[in-house]
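Reading the structure
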Amino acid sequence: GNAFTSTVPASWFTMTSLLYLDLSENSLSGTIPELVDSPVLSYLFLNNNSLSGTLPQTLPLSIMHLWLQYNDFSGEIPQDFGVGHENLTELLLHGNDLSGEISNELCGEGTRLEADCLDEE
């Protein structure tokens, strides 16, 4: 981490060439914006911060690695969160106050996704 203590600027997620963003292990707070405007974003690491609110309803189709663990996210995991994202290989949500489950389509037998499919921390 870099000891950042601000919020994540929404404008960062409108950069059409943003591929990799690692803001893990800081003291970032606030919510994260919808990520659909990031057409090539493949790696997003926001773990180990103090981010809050609900998970974004939409994800860029390009997302491969999404680390949101150990924050203060709350609410229901959207039923289709990550569904249809063929490139998604890591989805980490543990260490938050989320309810619900990740879709069986992502967590079912034979998937190549490493995800938090059980309520284990």
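Residues numbered from 1 in each chain as written. Predicted model: local features only at pLDDT ≥ 70, side-chain atom pairs only at ≥ 80, totals over all residues. Heavy atoms only, no water.

Right, let's talk about the overall build of the protein chain for a bit. When helices and strands are counted, the protein chain shows 1 helix and 9 strands. Ordered by position from N to C terminus, the α and β elements of the protein chain give β-β-β-β-β-β-β-β-α-β. Taken over C-alpha atoms, the radius of gyration comes to 13 Å for the protein chain, in line with the 14 Å a tight globule of 121 residues would show. Each principal axis of the C-alpha atoms in the protein chain carries an extent, and together these give about 40 × 30 × 20 Å. Here the protein chain, with 121 residues, has 40% of them falling under the buried criterion. Put simply, of all contacts in the protein chain between residues at least 6 apart along the chain, 34% involve residues at least 24 apart. Roughly 6500 Å² of accessible area belongs to the protein chain as shown, and the carbon and sulfur atoms make up 48% of that amount. (Helix = DSSP H or I, 4+ residues; strand = E, 2+ residues; numbered from the N terminus. Rg over C-alpha atoms; globule rule 2.2 N^0.38 Å. Buried < 20%, exposed > 50% of the residue type's maximum accessible area, 1.4 Å probe, protein only. Contact = heavy atoms within 4.5 Å. Areas by Shrake-Rupley, 256 points an atom, 1.4 Å probe, with all protein chains shown as cover.)

Turning our attention to the sheet that holds strand β4 (residues 50–53). Across the sheet, which stays open at both edges, the 4 strands sit in the order β2-β4-β6-β8 with parallel pairing between neighbours. One side of each edge strand has no neighbouring strand; the edge strands of this open sheet are β2 (29–30) and β8 (97–99). (Pairing = 2+ DSSP bridges.)

All right, on to the pairing of β4 then. In terms of strand pairing, β2 meets β4 through 2 bridges, oriented parallel. Across the sheet, glycine 30 pairs through a bridge with leucine 51, a residue of β4. Note: β4 against strand β6 (residues 72–76), 2 bridges, orientation parallel. Of the residues in β6, the one forming a bridge with glycine 53 is phenylalanine 73.

The next point concerns the pairing of β6. Relative to β8, β6 runs parallel, the two being bridged by 3 bridges. Each bridged residue has a counterpart across the sheet, and for glutamate 76 the counterpart in β8 is serine 99.

Once that is clear, we can look at the packing of aromatic side chains. Under the definition given, this model contains 4 aromatic pairs. The interplanar angle of 65° and the centroid separation of 5.6 Å between the aromatic rings of tyrosine 20 and phenylalanine 45 together place this pair among those described as edge-to-face. With a gap of 25 residues between them, tyrosine 20 in strand β1 (residues 20–22) and phenylalanine 45 in strand β3 (residues 43–45) connect regions that are remote in the sequence. Counting every residue linked through ring pairs, the aromatic cluster contains Tyr20, Tyr43, Phe45 and Trp67. (Phe/Tyr/Trp six-rings, centres within 6.5 Å; stacked < 30°, edge-to-face > 60°.)

Moving on: the environment of aspartate 97. One can find aspartate 97 in strand β8. Separated by 39 residues in sequence, aspartate 97 and threonine 58 place their C-alpha atoms 19 Å apart. With residues near it in sequence (within four places) discarded, aspartate 97 still touches Phe73, Ser74 and Gly75.

Moving on, we get to the nonpolar core. In terms of nonpolar packing, the biggest core is built from 26 residues, with Leu44, Leu66, Leu68, Phe81, Leu91 and Leu93 touching the most fellow members. Here leucine 68 is in contact with Ile32, Leu46, Asn47, Leu55, Phe73, Leu92, Leu93 and Asn96, once residues within four sequence places are set aside. (Core = buried A, V, L, I, M, F, W, Y, C linked by side-chain atoms within 4.5 Å.)

Let us now look at unusual backbone geometry. Among all residues except glycine, the phi angle is most often negative; among peptide bonds, the trans geometry is most common. Not every positive phi belongs to a glycine, and glutamate 25 is a case in point at roughly 55°. Relative to the assigned elements, glutamate 25 resides in the loop between β1 and β2. Not every positive phi belongs to a glycine, and tyrosine 70 is a case in point at roughly 55°. With respect to the helices and strands, tyrosine 70 occurs in the loop between β5 (65–67) and β6.

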